[in-house]
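One letter stands for each residue in the lines below.
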Amino acid sequence: MRQAIKAGLLLSGLALWASSGQATPSYEDVRQSFRSSDVQVLDRQGQLIQRVRLDFHQRRGDWVALEQISPALQLAVLMSEDRRFESHGGVDWLSVGSAAWDGVFAGRSRGASTITMQLAGLLDHTLLGGRGGRSVWQKLDQVVAAQSLEDTWTKPQILEAYLNQVAFRGELVGVDAMARTLFQKQAAALDARESAIAAVLLRGPNASALTVERRACLTLQAMGRAQQCQALSHLVPVALRRAGQAPLGQTQLAPHFARWVLEQSPQTEAGDRLHTTLDSRLQRQVQASVRRHLLDLRTARVQDAAVVVLDNHQGQVLAYVGSSGDLSEAAQVDHARSLRQAGSTLKPFLYELAIEKRLLTAVSLLQDSPLNLPTGNGLYIPQNYDKQFIGWVSARNALASSLNIPAVRVLTLLGPASLVERLRELGLNLRQDGDFYGYSLALGSADVTLLELTNAYRALANLGQAQAVNVRMDQSMAAFRPVMDPGASWIVGDMLSDRQARVLTFGLDSALSTPFWSAVKTGTSKDMRDNWALGWTEHYTVGVWVGNSAGQSMQDVSGVSGAAPIWHEVISVLNQYRPGRQTVRPEQVQLRQIVFVPALEPSREEFFVEGTQTDRIQLNDANLAYAGPARIQEPVDGTILALDPDIPPQNQQLRLLAQGQINEALEWWVQGVKAGGGAQVRIPLVPGTLRIELKTEQGRLMDQVSVQIRGAQMTSFNKD
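Computed from a predicted model, the values in this text were never measured in an experiment. (Residues numbered from 1 in each chain as written. Predicted model: local features only at pLDDT ≥ 70, side-chain atom pairs only at ≥ 80, totals over all residues. Heavy atoms only, no water.)

Undergrad: Give me the overall build of the protein chain: which residues, what numbers.
TA: Broken down by element type, the protein chain carries 22 helices and 30 strands. Looking at the protein chain residue by residue over its 720 residues, the buried ones come to 53%. Long-range contacts, defined here as pairs at least 24 residues apart, represent 70% of the contacts in the protein chain between residues at least 6 apart. Per element, the accessible surface of the protein chain, about 31600 Å² overall, is 50% carbon and sulfur. (Helix = DSSP H or I, 4+ residues; strand = E, 2+ residues; numbered from the N terminus. Buried < 20%, exposed > 50% of the residue type's maximum accessible area, 1.4 Å probe, protein only. Contact = heavy atoms within 4.5 Å. Areas by Shrake-Rupley, 256 points an atom, 1.4 Å probe, with all protein chains shown as cover.)

Structure below.
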């Protein structure tokens, strides 16, 4: 009897307390303060391109309006949690009295909290009890808060806020996270069975599958859908197992770009929206191009690729593909910011610096012939990509055709230290000094990232003006910095756009040729581990890397066959967006008609930095072809060669070349053994000291040299 009296007094106290009223937040305030557990990364038009989770205590999706929530779920929640929701004023006094009666006379304890009361507790956590439950005063406060909500909110607003803030299962909070995770659906698409399962999770978020199944069937019966209970035994375990999976629609358009943007936005919090410079339409087109071309290269052992697209004028990142996704064994690695060997992609900066310093012009003749350079580790012996030598060639053709020996000769004029300094000024974070790289720096022995390299090429497009890239629409552009000479930069761009100058290596028809003006350079690192293609138009710069994350060699893939097709496709799409033409020639660049004597190359119009112009390129007599008796031109006496363990033995050969007046049949003898006849033969490289003799067919000795072959050598680089 005493317990019944206490229960009655408690009911009277609750009624009296509820009439007092307290301040409560508005519906709009609650909705505006709702925070997703993710950061939403948006493209330049405000479209969602990526979600990045920052809050790992709870998984909350977006706020879902009531009209976008399945009517079946709304009914199931009311049947399970609060059947008189539409008629009570915040407190269901019948349920409170019934719960009190059961507690006094039946010895059973059950809750009587309405949806409104539960929402009050979600909005004010001080109304929630600890492990020992809520105190009498907390219950009274919750009643007051519920009454206030009913006085100031509509019923649909209360139900909407409740469904968006209540916990369903484990870390899942809110209807959006629950529906997209447990059922891989939008909240509007939940059917009656799924709704019943979700509704009963509210009273037991961690209940077992059997308990959830039993309770869901009771809810379906209350909804008039008892016939649907049979399928619950299959649906419930499947849904509960998904609690730790990624939600449906977890946009993954630019995962690496999103992480990079967040690194640059340390103040970002869960629920924030970052408005980036990315173009989602272009991003999808670039991803499709990467996937299509990598599938074509499957037999060549290629898995990974990365692409960066920059706006030349503002430095905005328009597209950023960090990996090939499911085609890669390391899809989480951001290859656009991973260090890889640069290959021939550094040559444009080498030539620009030499032209800027007036050490070179586009028509300067460079000798493409065997070159031995002494270093602290022995001789550095660069080779061309095709293992052939052309002889005298202009700087224009040497750069456009990516010849290695001329590039190394240019670096001997400048010194590696000056090139390292220039590359650092352009934003390439080289870790070592010039002495470390040596002359191999001309052929790309340094490690760089695609992002840094693409932005350095953008400086060439902007006539020597360097600028940091921009990834946020709400941030101002960084200032441009003059790094390279405008005239020299323009000339290098013209050289890289010259289809005829590429013929020596790439021919007239390749992926480097476009029907509109563009400048492009490819690169291939040692053992074909990295392919590059970087180039620009008037408005855009595109960088592409192709390779394997773990560094495995590709099979017969060069920059022009691996990365260049992707570059060609992307730059063509960009030109459709905004057609461009060659940048206006700077005033300090002079145009002259030049002639070569002898006619090593056809006469043509050529561009010069002011003060270096000429109209005639003539070799000195000492440089003209030798016309005396037959002698050995290659190899030079005393040459030291070394076998490269990374190159198949059959590909490591020594060319024996004769020059001069050859009036009778010639024979080559190596270590006293005849090796072949004619003006040119090739012999395999075998460790040891070789005596090479050039004789007539009658045995008359014309010339002889000695060559040393070592079993190992310093690293060499295959380039294109």
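Undergrad: Residues and numbers for the sheet that holds strand E28 (residues 680–684), please.
TA: Strand order in this open sheet of 3 strands is E23-E25-E28, and the pairing throughout is antiparallel. Among the strands making up the open sheet, the edge pair consists of strand E23 (631–634) and E28. With direction set aside, neighbouring strand axes in the sheet form an average angle of 35 degrees. As judged from the 3 bridges shared by E23 and strand E25 (residues 653–659), these two strands associate in the antiparallel manner. Residue Glu 634 lies in a different strand from E25, and its bridge partner there is Leu 657. (Pairing = 2+ DSSP bridges. Axes fitted to C-alpha atoms, helices over the stretch in contact; angles between N-to-C directions.)

Undergrad: Any details on unusual backbone geometry? Residues and values, ideally.
TA: Of the consecutive residues Val 597 and Pro 598, the connecting peptide bond is found in the cis state with omega at -5 degrees. With respect to the helices and strands, Pro 598 occurs in the loop between strand E20 (589–597) and strand E21 (604–609). For the bond from Glu 634 to Pro 635, the omega torsion is -5 degrees, close enough to zero to count as cis. In this structure, Pro 635 sits in the loop between E23 and strand E24 (640–642). The phi torsion at Leu 463 lies on the positive side, around 55 degrees, for a residue other than glycine. Within the secondary structure, Leu 463 is located in the loop between helix H19 (450–461) and strand E15 (465–466). Since its relative accessible area comes to 18%, Leu 463 is described here as buried. Despite not being glycine, Gln 671 shows a phi value in the positive range, around 55 degrees. Mapped onto the elements, Gln 671 comes out in the loop between strand E26 (666–670) and strand E27 (673–677).

Undergrad: Run through the pattern of salt bridges, naming residues and quoting values.
TA: What the rule picks out here adds up to 29 salt bridges. Across the pair Glu 606 and Arg 396 runs a salt bridge whose closest N-O atoms are separated by 2.7 Å. Taken together, the positions of Glu 606 in strand E21 and Arg 396 in helix H15 (residues 395–400) put the pair 210 residues apart, joining distant regions of the chain. Its relative accessible area of 4% is what places Arg 396 among the buried residues. Among the charged side chains, a network of salt bridges with common partners joins Arg 396, Asp 494, Asp 498, Glu 601, Arg 604 and Glu 606. (Salt bridge = Lys/Arg side-chain N within 4 Å of Asp/Glu carboxyl O.)

Undergrad: Which residues make up helix H16 (residues 404–414), and what are the values?
TA: Along H16, 8 of the 11 residues are buried, which leaves the element largely enclosed by surrounding structure. Among the residues making up H16, those that are buried are Asn 404, Ile 405, Pro 406, Ala 407, Val 408, Val 410, Leu 411 and Leu 414.

Undergrad: Please set out helix H13 (residues 280–296) residue by residue, giving values where relevant.
TA: Compared with the 24 Å implied by 1.5 Å per residue over 17 residues, the 25 Å span of H13 between its first and last C-alpha is a close match. Looking at H13, one finds that the buried residues are Ser 280, Leu 282, Gln 283, Val 286, Ser 289, Val 290, His 293 and Leu 294. Against the buried residues of H13 lie strand E2 (48–53), strand E7 (304–311), strand E8 (317–321), strand E19 (540–547) and helix H22 (564–577). (Expected span 1.5 Å × (residues − 1).)

Undergrad: Account for the packing of aromatic side chains, naming residues and giving values.
TA: Using the criterion set out here, one finds 9 aromatic pairs in the structure. An angle of 75 degrees between the planes, with centres 6.1 Å apart, marks the rings of Phe 257 and Trp 260 as edge-to-face. Taken together, the residues Phe 257 and Trp 260, both in helix H12 (residues 255–263) and 3 residues apart, mark about one turn of the helix. Through a chain of ring-to-ring contacts, the aromatic side chains of Phe 257, Trp 260 and Tyr 320 assemble into a single cluster. For Lys 155, the ring lying beneath its charged end belongs to Phe 85, and the centroid distance is 4.4 Å. Positioned above the aromatic ring of Trp 669, the side-chain terminus of Lys 695 is 5.0 Å from the ring centre. (Phe/Tyr/Trp six-rings, centres within 6.5 Å; stacked < 30°, edge-to-face > 60°. Lys NZ or Arg CZ within 6 Å of the ring centre and 35° of its normal.)

Undergrad: Explain the packing of helix H9 (residues 192–201) against helix H11 (residues 232–241) residue by residue, including any values.
TA: Orientation of H9 relative to H11, taken along the N-to-C sense of each, is 55 degrees, at an axis distance of 11 Å. As judged from the angle between their axes, H9 and H11 are oblique. Two packed elements cross with a definite hand, and for H9 against H11 that hand is right-handed. Residue-level contacts link Arg 193, Ile 197 and Leu 201 of H9 to Leu 232, Leu 235, Val 236 and Leu 240 of H11. By residue class, the composition of the contact of H9 with H11 is 6 nonpolar, no polar and 1 charged. (Parallel < 35°, antiparallel > 145°, perpendicular 65-115°, else oblique. Left-handed = near helix turned anticlockwise from the far one by under 90°. Nonpolar A, V, L, I, M, F, W, Y, C, P; charged D, E, K, R; others polar.)

Undergrad: I'd like to hear about the sheet that holds strand E6 (residues 273–275), residue by residue, with values.
TA: The 3 strands lie next to each other as E2-E1-E6, forming an open sheet whose pairing is mixed. At either end of the open sheet lies a strand with only one pairing partner, and these are E2 and E6. Taken over all neighbouring pairs, the strand axes of this sheet differ in orientation by 20 degrees on average, direction set aside. In this structure, strand E1 (residues 38–42) lies alongside E2, joined through 5 bridges in antiparallel fashion. Residue pairing in the sheet places Asp 38 in a bridge with Arg 53 of E2.

Undergrad: How would you explain the packing of H13 against H22 if you had to name every residue and give the values?
TA: One way to put it is that H13 packs onto H22 with a least axis distance of 9 Å and a crossing angle of 155 degrees. By the angle class used here, H13 and H22 are roughly antiparallel. The way H13 lies across H22 gives a crossing that is right-handed. Touching Arg 281, Leu 282, Gln 285, Val 286, Ser 289, Val 290, Arg 292 and His 293 of H13 are Pro 565, Ile 566, Glu 569, Val 570, Val 573, Leu 574 and Tyr 577, all from H22. By residue class, the composition of the contact of H13 with H22 is 9 nonpolar, 3 polar and 3 charged.

Undergrad: Got a sec to walk through the pairing of E25? Specific residues and values, please.
TA: Summarising burial for E25: 6 of the 7 residues are buried, a large majority. Relative to E28, E25 is paired through 5 bridges, and the arrangement is antiparallel. Across the sheet, residue Leu 656 finds its bridge partner in E28, namely Val 681.

Undergrad: I'd like a rundown of the nonpolar core, residues and numbers included.
TA: For soluble globular proteins, the rule of thumb is that nonpolar side chains tend to be buried together. In this structure, Phe 257, Tyr 320, Phe 349, Tyr 351, Leu 453 and Ile 491 are the most contacted members of the largest nonpolar core, which totals 80 residues. Ranked by residues supplied to this core, first place goes to H19 with 8 residues. Every residue in contact with Tyr 320, bar those within four places of it in the chain, is listed here: His 256, Phe 257, Trp 260, Leu 278, Gln 283, Val 307, Val 308, Asp 334, Ala 336, Arg 337 and Leu 451. Ranked by size, the runner-up nonpolar core spans 53 residues in total, among them Val 64, Val 166, Ala 199 and Cys 217. (Core = buried A, V, L, I, M, F, W, Y, C linked by side-chain atoms within 4.5 Å.)

Undergrad: Which residues make up the confidence of the model for the protein chain, and what are the values?
TA: Interpretation of the predicted coordinates at a detailed level should be avoided for regions scoring low in pLDDT. With 86% of its residues at a pLDDT of 70 or more, the protein chain has an overall mean of 86. Across residues 100–110 the pLDDT falls below 50, and counting only partners more than four positions away or on other chains, this stretch makes 12 contacts in the model. Note on residues 712–719: pLDDT under 50 across the span, and 35 contacts to partners over four residues away in sequence or across chains. (pLDDT = per-residue confidence, 0-100.)

Undergrad: Describe the environment of Ala 231, and please don't skip the residues or the numbers.
TA: Among the secondary structure elements, Ala 231 is positioned in the loop between helix H10 (209–222) and H11. The sequence separation of Ala 231 and Glu 213 amounts to 18 residues, and the corresponding C-alpha distance is 9.6 Å.

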